[in-house]
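So you can see what is in the structure, the chains are spelled out below.
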Amino acid sequence: MKEFEMREAGQDKNLRAKVGVYICECGPNIAGKVDLDKIIADLSQLDDYQDVELVVKKYGFLCSGPGKEFLEEEIRSNGYTHLVVGACSPRDHDSTFMGVCKKTDLNPYLYRIINIREHCTWVIDDKEKATEKAFSYIRGGISRVLRQSELFEKPLDINPDVLVIGGGIAGMEAALSLSGEDRRVFLVEKTDHLGGISLDLSGLLPGQGEIIKNKIDSVTEDKNIRLFLNTSVETVIGFLGNFEIELVSIENAETTDIMAGAIVVATGSSLFDPGESAHLSYSESDEVYTSLSVEKMFSGEGEARLRSGKKPSSVALIHCVGREEKNYCSGICCSYMMKLAGFFRNQSPDIQVTEFYRDLCLPQKDDQERYTEAEAAGVEFVRIKDISIKGTEVSFEKMNSKKSEQSFDMVVLAPAIVPSADTEELADLLTVPLDESGFFQEVHKMTNPVGTSTDGVFIVGTAHGPKGVSDSMQFARASAGQILTRLIPGEKLIPEVKVTEILEAYCTGCGNCLDVCVYGAIYSDDSRGISVVNEAVCRGCGNCYGSCPSGALRTKHFTNTQLYREVDEALR
């Protein structure tokens, strides 16, 4: 290894590098698809590394308990300065082998895993070609690991307390799931009461048997939950484990400073304004209502009445109001309207109830039963191509293209669920992007639906997107589970160490990197005229790298030299 290369790796230039190369057989997944003996022989005979001692071996399953013990003992007994493991995807076992290194004197950032399973044996049928490709990849890994630098983790003290924004059903569930003797929860609600929209529900859907008022009582009686009503979040600064937050009272503008380790966003949602639809024409004096306003009638007075005080004899329930304008299905409206249909029929079996729909969305296991019950109760379901209203006069076109008109005493509209009014403002405050529909964007819809790009900020309930009460509560519990496993009282947090660094000599302070950093990890130091990285917040994603016109940015563990030499060797 050349002298300048030893300096780049941050090691003693007089120390001779000794690299252990271990290839996992992974049962037949690797050993059955490539000639491991040939790879070992060819690597051992390389003359590219005259100043480097290579030790090349294979093992059945390196990720197994015995495999990890074997690798640990090999590192200890051989005194390796670097380690290369030819195995599977880094997503599967990179952390596994880093953990083995941490048990020895070998710095875990002088190790590299090479994916020869997904990249070679699983995609190349020809054994000879797969062997050649695996050999070149491992050779590239050796070249790169020799240029990697030692990195050191810096444990940080954490604050286990949690801020929950929003006092609806999801926010209350998150707060109750998180509160404990060694963890306080700050529950912030912008209105003067808890419960959100759920408080107006006269009956929850099947499988959603929680009683909202009991939830409210549990929150107010919990000594580990500090409640802030008529309050909003003014500023948020920090990162997972250490957020500094300023709250402001909506009533008197009084501010309160708190510290928290995580933030749960449970700000709920709003309803689409039916007045925005060109197909719906009505005034405030017409007997046209939204589904929520009718829900309030049933929850308050126990029955629905017209503005005159009379009971309706015919009711039209119109689904999917706003779906075309918003270009998504809210997913819960169909079952919700069937619930209202049941309320009307229970109020009086003489009420004619007609549901107009384009497509029925019944995703939950109890939804079909509700539909069957509604039909049995005499509710008429009319599938339509198009519909419009003028007051309580309903004009519609059926699927057979037959057009009809019908007059009703009452028309009930089911508006789409849309983001709450302050979603965009809060997203800017928390540095969390929004999705194409305007809701908070999750990390991944399947693998991490409650996480966001800002580590430590979680989204639950309808702040994430349209969903019912039970799903909102499940999301709340999922976020609590992540927080409870990551912010353990008394333990320290180890932030990402493969972070971006800025070479001050080249930085012009243009600010491009600030604009593209989705984590808010870069700030401007005006006194020096440069940009600075907050390493505790940075996640090393590399977004900023391509934005720098002067080449002042680089990411530790992913330098140009490391990447170039790995690719150069792999392509030889």
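The rules behind each value
Each residue is numbered by its place in its chain's sequence as written, counting from 1. Only residues with pLDDT of at least 70 are given local features in this predicted model, and only at 80 or more are side-chain atom pairs given and counted; all residues enter the totals for whole chains, interfaces and linings. Excluding hydrogens and water, the side-chain figures rest on all heavy atoms present in the structure. The helix count covers DSSP runs of H or I at least four residues long, the strand count covers runs of E at least two residues long, and both are numbered beginning at the N terminus. Note on classification: 1.4 Å probe, protein chains only; a residue is buried when its accessible area is under 20% of the maximum for its type, exposed when over 50%, partly exposed between these limits. Any two residues having at least one pair of non-hydrogen atoms within 4.5 Å are treated as being in contact. Shrake-Rupley sampling with a 1.4 Å probe provides the accessible areas, and residues are treated as covered by the protein chains on show and by no other component. Each Phe, Tyr or Trp ring (for Trp, its six-membered ring) is paired with any other whose centre lies within 6.5 Å, and the angle between the two planes then decides the class: stacked below 30 degrees, edge-to-face above 60, tilted in between. Residue ranges for the domains trace back to a domain assignment, done automatically or taken from a database. Confidence of the predictor at the level of single residues is captured by pLDDT, which takes values from 0 to 100. Any two strands with at least two DSSP-identified bridges between them are counted as paired. Here an axis means a line fitted to C-alpha atoms, over the contact stretch when the element is a helix, while the angle between two N-to-C directions is reported on a 0 to 180 degree scale. The working definition used for a salt bridge is a side-chain nitrogen of Lys or Arg within 4 Å of a carboxyl oxygen of Asp or Glu. Residues enter a nonpolar core if they are buried and are Ala, Val, Leu, Ile, Met, Phe, Trp, Tyr or Cys, with the set joined through side-chain atoms within 4.5 Å. Each angle gets one of four labels, with under 35 degrees taken as roughly parallel, over 145 as roughly antiparallel, 65 to 115 as roughly perpendicular, and the rest as oblique. The crossing is said to be left-handed when, going from far helix to near helix, the turn is anticlockwise and less than a right angle, and right-handed when the turn is clockwise. Gly is put with the polar residues, along with every residue not named as nonpolar or charged; the nonpolar set is Ala, Val, Leu, Ile, Met, Phe, Trp, Tyr, Cys and Pro, and the charged set is Asp, Glu, Lys and Arg.

Moving on to the overall build of the protein. Broken down by element type, the protein carries 16 helices and 26 strands. Over its C-alpha atoms, taken along the principal directions, the protein stretches across nearly 95 × 60 × 45 Å. A burial count over the protein gives 50% of its 572 residues as buried. Across the protein, contacts joining residues at least 24 apart in sequence account for 68% of those joining residues at least 6 apart. Of the accessible surface of the protein, which amounts to about 27,100 Å², a share of 47% is contributed by carbon and sulfur atoms.

Another point: the packing of aromatic side chains. Enumeration over the complete set of coordinates arrives at eleven aromatic pairs. Judged by centre distance (6.0 Å) and plane angle (70 degrees), the ring pair of Tyr22 and Tyr80 falls under edge-to-face. Placement of the pair is Tyr22 in strand 1 (residues 17–24) and Tyr80 in the loop between helix 3 (65–78) and strand 3 (82–87), with a sequence separation of 58 residues. Residues Tyr22 and Tyr80 agree in their burial class; the two are buried. Arranged with centres 4.8 Å apart and planes meeting at 50 degrees, the rings of Phe356 and Phe396 form a pair that is tilted. One end of the pair, Phe356, is in strand 16 (residues 352–357); the other, Phe396, is in strand 18 (residues 393–398), and 40 residues separate them in sequence. For the residue pair Phe356 and Phe396, the accessibility class agrees, reading buried in each case.

The next subject is the domain arrangement of the protein. Examined at the domain level, the protein breaks down into domain 1 (17–151), domain 2 (162–268 + 420–486), domain 3 (272–416) and domain 4 (500–556). Computed from C-alpha coordinates alone, the two centres of domain 1 and domain 2 are separated by 45 Å.

Moving on, we come to the confidence of the model for the protein. For the protein, mean pLDDT is 91; residues scoring 70 or higher make up 95% of the total. In this model, residues 1–10 is a region of pLDDT below 50 whose contacts with residues beyond four sequence positions or in other chains number 24 contacts. Here residues 205–209 scores under 50 on pLDDT; set against residues more than four positions off or in separate chains, the count is eleven contacts.

Among the secondary structure elements, Glu566 is positioned in helix 16 (residues 560–570). Residue contacts for Glu566: discarding those within four places in its chain leaves Arg112, Ile114, Gly140, Gly141 and Arg144.

Another aspect to go through is the sheet that holds strand 2 (residues 52–59). The strand order across the open sheet built from four strands is 2-1-3-4, with neighbouring strands paired in parallel fashion. Each edge of the sheet is formed by a strand with only one pairing partner; in this case those strands are strand 2 and strand 4 (111–115). For this sheet the average axis-to-axis angle between neighbouring strands, irrespective of direction, equals 15 degrees. Taken strand by strand, helix 3 contacts strand 1, strand 2 and strand 3, and its axis lies near 165 degrees from that of strand 1. Its contacts with the sheet place helix 6 (residues 127–145) against strand 1, strand 2, strand 3 and strand 4, and it is angled at close to 160 degrees to strand 4.

Turning next to the sheet that holds strand 6 (residues 185–188). Read across the open sheet, the five strands follow the order 7-6-5-11-22; overall the sheet is parallel. The outermost strands of the open sheet, each flanked by one partner alone, are strand 7 (225–228) and strand 22 (457–459). Here the strands of the sheet are splayed against their neighbours by 20 degrees on average, with no regard to which way each runs. Summarising the sheet, strand 11 (residues 262–265) and strand 22 pair through three bridges and their orientation is parallel.

For the structure shown, the criterion picks out 31 salt bridges. Across the pair Asp92 and Arg117 runs a salt bridge whose closest N-O atoms are separated by 2.9 Å. Here Arg117 lies in helix 5 (residues 117–121) and Asp92 lies in helix 4 (residues 90–102), a separation of 25 residues in the sequence. With relative accessibility at 11%, the residue Arg117 sits in the buried group. Note that Lys339 and Glu295 form a salt bridge whose closest N and O atoms lie 3.0 Å from each other.

Soluble globular proteins: nonpolar side chains tend toward being buried together. Judged by nonpolar contacts, the single largest core of 48 residues is most densely connected at Ile39, Leu43, Leu83 and Ile138. At the level of secondary structure, the elements contributing two or more residues to this core comprise strand 1, helix 2 (36–44), strand 2, helix 3, strand 3, helix 4, strand 4 and helix 6. Excluding residues within four positions of it along the chain, Leu83 makes contact with Gly20, Tyr22, Leu71, Ile75, Cys101, Leu106, Leu110, Tyr111, Arg112 and Val145. Of all hydrophobic cores here, the second largest spans 31 residues; its members include Val162, Ile212, Ala476 and Ala480.

Here Val294 shows up in helix 9 (residues 291–300). Taking the relative accessible area as the measure of exposure, Val294 reaches 0% and is therefore buried. Placed 219 residues apart in sequence, Val294 and Ile75 show a C-alpha to C-alpha distance of 71 Å. With sequence-adjacent residues up to four places away left out, Val294 is seen in contact with Tyr289, Phe344 and Val412.

Running from N to C, helix 7 (residues 169–178) and helix 8 (residues 212–221) point in directions that differ by 45 degrees, and their axes come no closer than 10 Å. In terms of orientation, helix 7 lies oblique with respect to helix 8. The element helix 7 and its partner helix 8 pack so that their crossing is left-handed. Contact residues: helix 7 offers Ile169, Met172, Glu173 and Leu176, while helix 8 offers Ile212, Lys215, Ile216, Ser218 and Val219. When the residues that make up the contact of helix 7 with helix 8 are grouped by side-chain class, the tally is six nonpolar, one polar and two charged.

Quick look at the environment of Asp94 now. Here Asp94 lies in helix 4. Since its relative accessible area comes to 19%, Asp94 is described here as buried. Look past the residues within four positions of Asp94 in its chain and what remains in contact with it is Ser89, Tyr111 and Ile113.

Moving on, we come to the packing of helix 3 against helix 4. Where helix 3 meets helix 4, the axes come as close as 9 Å, and the angle between the chain directions of the two elements is 45 degrees. Between helix 3 and helix 4, the crossing angle belongs to the class labelled oblique. Helix 3 and helix 4 meet at a crossing whose hand is right-handed. Where helix 3 abuts helix 4, its residues Lys68, Leu71, Glu72 and Ile75 lie against Thr96, Phe97, Val100 and Cys101. The residue makeup of the contact of helix 3 with helix 4, split by class, is five nonpolar, one polar and two charged.

With that settled, consider unusual backbone geometry. A positive phi angle, near 60 degrees, is found at Cys320, a position not held by glycine. With respect to the secondary-structure elements, Cys320 resides in strand 15 (residues 314–321). Of note in this structure, His557 is not a glycine but carries a positive phi near 80 degrees. By secondary structure assignment, the location of His557 is in the loop between strand 26 (553–555) and helix 16. Note on His557: relative accessible area 9%, which makes it buried.

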